[in-house]
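The lines below spell out each chain.
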Amino acid sequence: MNVNNLIAALERKYPIEKEYLQAVREVLTTVEEVYNQHPEFEANKIAERIVEPDRIFTFKVVWTNDRGEVQVNTGYRIQFNNAIGPYKGGLRFHPSVNPSILKFLGFEQIFKNALTTLPMGGAKGGSDFNPKGKSDREIMRFCQAFMTELWRHIGPETDVPAGDIGVGAREVGYLYGMYRKLALENTGVLTGKGMTFGGSLIRPEATGFGAVYFLCRMLSEMGDDIKGKTVAISGFGNVAWGAAKKATELGAKVVTISGPDGYIYDEAGLNDEKIAYMLDLRASCNDVVAPYAEKFPGSVFVAGRKPWEVKVDIEMPCATQNELNGDDAKMLVDNKVQVVAEVSNMGCTPEAIETFIAARIPYGPGKAVNAGGVATSGLEMSQNSMKLSWSAEEVDQKLHGIMNSIHRACIEYGTEPDGYINYMKGANIAGFMKVAKSMVEQGVI
Ligand code: 2IT
């Protein structure tokens, strides 16, 4: 494989899909050396095949708002690769959603899902629908309209969507209700469901919990632990909430959260009451964190800025792609950050990652750190097909085991000659090898 030629061809074909090209470039560059030691990969054109989605569905979503006005959005489902299991990945409802963003997310999902050790292929979907300021009834009508198109393309053994930004338990509930009505079946066709209709305990917390379990493994590899560490978290959604909850429970001090409006610096650190308040903020559907500072005196709201300027031991980006850039990374290195555990998908830009690696600061990439979310979705699928449900302890224990095994895979494939663990390289190679081998074994299809 010649990565530069392959990327150049993709750039000509998809010139405006910058997030997709960014994700492909990172994975192919890090696997190039190992890839070229496997002539069967080249003979089967694995790289050329893996960068193209199997298929993309694009559809119109028409719904009516509370004022009786007809609204038109675009919906997508990208079925990227199902070599190792049914297509699996979340749905994102956000005005920024476009084919490039969903292709990057779907591509990343292939390797993340492979890392979980569970049989799941990669997919992603969503819509440019903006949930901000929408009423509950509007959300419901949108989800129903979205599912009237999506339902014919998904199924419990075919493609199993879940949540992502803008899609939580409420949206999954409305989507599931419409699927059940149209397909006339009750199956594990979506994950992240409510507990009364097949959801799994721990799934709401899983991404954040898993991220902190992974972070603890990174720290123990350095001969350290999380107790007493200061942590900066960005975002205030489901993932940030789970990470804040587990990090606080294990004795860390989480001092920031953030939203599109700016960030909160809370010197005293989050506690149970403040973490519970994150859910109220999210439920308000206004997408702002500023009210936190009014509710909790002693904390400050810093408008229009990101939390990276606060000096801490550990950074956990939990918001969205490319939220931490090269300049931010240089500032973090100057501020002696100890570990960066990226929880958002592709949260750090290539320049930021390069800066961390050059400074030999352990950097855990999203596809390893946040894999506990989709892993627990996989556990929800297992429970649904067995028609039973596991206790919270059982699910949490399995999640622990999976995060440990992802960490081991990163060490196996990512340890550099000087002993530095290049988690990005390790995660990319470990995930890629599994999918590539299975594609070779299954023939040219
Ligand atoms: O990015 C992700 O891994 C998710 N949004 C979760 C996907 C899933 O199927 O649970």
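Shown above is the structure to which this text applies.
An account of the accompanying structure is given in this report. (Residues numbered from 1 in each chain as written. Predicted model: local features only at pLDDT ≥ 70, side-chain atom pairs only at ≥ 80, totals over all residues. Heavy atoms only, no water.)

1. Things to note about the site of the ligand
Counted only if it meets this: For this purpose, a residue is taken to be near a molecule or strand whenever a single non-hydrogen atom of the residue falls within 4 Å of it. Nitrogen and oxygen atoms within 3.5 Å of one another constitute a polar contact, given that in protein one can donate a hydrogen and the other can accept it, and given that sequence-neighbouring residues count only through two side-chain atoms. Computed with the Shrake-Rupley method and a 1.4 Å probe, the accessible areas treat only the protein chains shown as cover for residues. Only DSSP runs of H or I reaching four residues or more are called helices, and only runs of E reaching two or more are called strands; each is numbered from the N terminus. Charged means Asp, Glu, Lys or Arg here, nonpolar means Ala, Val, Leu, Ile, Met, Phe, Trp, Tyr, Cys or Pro, and polar covers whatever is left, Gly included.
Near the ligand, the surroundings consist of 13 residues, among which Lys-88, Lys-112, Asp-164, Arg-203 and Ser-377 are the closest. Here an oxygen atom of the ligand sits 3.1 Å away from a polar atom, N or O, in the side chain of Lys-124. One nitrogen or oxygen atom from the side chain of Asn-345 is found 3.1 Å from an oxygen atom belonging to the ligand. Across the complex, the protein chains shield 94% of the 290 Å² of accessible surface that the ligand would expose by itself. At the level of secondary structure, the elements contributing two or more residues to the shell around the ligand comprise strand 3 (87-93), helix 5 (99-115) and helix 15 (371-386). Examining the composition of the shell around the ligand, we find that three residues originate from one element, strand 3, more than from any other. Classifying every residue of the shell around the ligand gives two nonpolar, six polar and five charged.

2. Digging into a nonpolar patch on the surface
So the rule is basically this: Here a patch means residues that are over 30% exposed by relative accessible area and free of salt bridges, tied together within 9 Å if like-charged and within 5 Å if nonpolar (Val, Leu, Ile, Met, Phe, Trp, Tyr). For this analysis, a salt bridge means a side-chain nitrogen from Lys or Arg found within 4 Å of a carboxyl oxygen belonging to Asp or Glu. Only protein chains enter the accessibility calculation, which uses a 1.4 Å probe; a residue whose area is less than 20% of its type maximum is buried, one above 50% is exposed, and one in between is partly exposed.
Taken together, Val-62, Val-70 and Val-72 make up a surface patch of nonpolar side chains, about 280 Å² in accessible area. The residue Val-70 is located in strand 2 (residues 70-81) in this model. Judged by relative accessible area, Val-70 falls into the exposed class, the value being 60%.

3. What about the layout of surface pockets?
Cut-off, in case you're wondering: Here a cavity is any set of points on a 1 Å grid over the protein atoms alone where a 1.4 Å probe fits but cannot get out, and a pocket is any open set with protein on both sides within 12 Å along at least 5 of 7 lines; a residue lines the site when it has an atom within 4 Å of a point. Grid points are joined across faces, edges and corners, and a volume is the space filled by probe spheres set on the points.
Each pocket or cavity is described by its volume, and for the second largest pocket that value is around 280 Å³. Lining the second largest pocket are Gln-22, Arg-25, Glu-26, Thr-29, Thr-30, Pro-350, Ile-353, Glu-354, Ile-357 and Met-424. Contributions of two or more residues to the lining of the second largest pocket are made by helix 2 (18-35) and helix 13 (350-358). The dominant element in the lining of the second largest pocket, judged by the number of residues it contributes, is helix 2, at five residues. Grouping the constituent residues of the lining of the second largest pocket by class yields four nonpolar, three polar and three charged.

4. As for the pairing of strand 1 (residues 55-64)
Condition: Only when DSSP finds a minimum of two bridges between them are two strands counted as paired.
Relative to strand 2, strand 1 runs antiparallel, the two being bridged by 10 bridges. Following the sheet pairing, Trp-63 is matched in strand 2 by Gln-71. In this antiparallel pair of consecutive strands, strand 1 and strand 2, the connection spans five residues, and Gly-68 shows a positive phi of 85°.

5. Description of the pattern of salt bridges
Oppositely charged side chains can form a pair if their charged atoms are brought close together. Under the defined criterion, the tally for this structure stands at 23 salt bridges. A salt bridge links Asp-266 to Lys-274, with the nearest nitrogen and oxygen atoms 3.0 Å apart. Residue Asp-266 is classed as buried on the basis of its relative accessible area, which comes to 3%. For Lys-274, a relative accessible area of 9% gives the class buried. Across the pair Glu-309 and Arg-305 runs a salt bridge, and its minimum N-O distance is 2.8 Å. In this structure Glu-309 comes out as partly exposed when scored by relative accessible area, which is 30%. A cluster of three or more residues bridged by salt bridges with shared partners is formed by Glu-26, Glu-108 and Lys-367.

6. Remarks on empty space enclosed by the protein
This model, assessed by the stated rule, comprises two cavities of 30 Å³ or more. By volume, the largest cavity is sized at about 40 Å³. Around the largest cavity sit Glu-26, Glu-108, Glu-342, Met-346, Cys-348, Ile-353, Tyr-363, Pro-365 and Lys-367, which together line it. In terms of residue class, the lining of the largest cavity is made up of five nonpolar, no polar and four charged. Its boundaries defined by the atoms lining it, the second largest cavity holds a volume of some 30 Å³. Lining the second largest cavity, in full, are Val-31, Val-34, Tyr-35, Phe-41, Ile-429, Phe-432 and Met-433. Listing elements by their share of the lining of the second largest cavity, those giving two or more residues are helix 2 and helix 17 (423-441). Along the lines of polarity and charge, the residues of the lining of the second largest cavity split into seven nonpolar, no polar and no charged.

7. Considerations on helix 9 (residues 238-249)
Heads up, the condition is: Take the number of residues in a helix, subtract one, and multiply by 1.5 Å to get its expected span.
With 12 residues, helix 9 extends 17 Å from end C-alpha to end C-alpha; this agrees with the ideal 16 Å at 1.5 Å per step. The set of residues buried in helix 9 consists of Ala-240, Trp-241, Gly-242, Ala-243, Ala-244, Lys-246, Ala-247 and Thr-248. Just beyond helix 9, the residue with positive phi is Gly-251, at close to 95°.

8. Side note on the sheet that holds strand 12 (residues 363-364)
Selection rule: The criterion used for residue contact is that any of the two residues' heavy atoms lie within 4.5 Å. Geometry is summarised by axes, namely lines fitted to C-alpha atoms with helices restricted to the contacting stretch, and by angles between N-to-C directions that run from 0 to 180 degrees.
Across the sheet, which stays open at both edges, the seven strands sit in the order 9-8-7-6-10-11-12 with mixed pairing between neighbours. Each edge of the sheet is formed by a strand with only one pairing partner; in this case those strands are strand 9 (299-303) and strand 12. In this sheet, strand 10 (residues 314-316) lies alongside strand 6 (residues 230-233) in parallel orientation, the contact comprising three bridges. The residue bridging Val-231 from the neighbouring strand is Ile-314, located in strand 10. Across the sheet, helix 8 (residues 203-221) lies against strand 10, strand 11 (339-341) and strand 12, angled at about 155° from strand 11, the strand it touches most.

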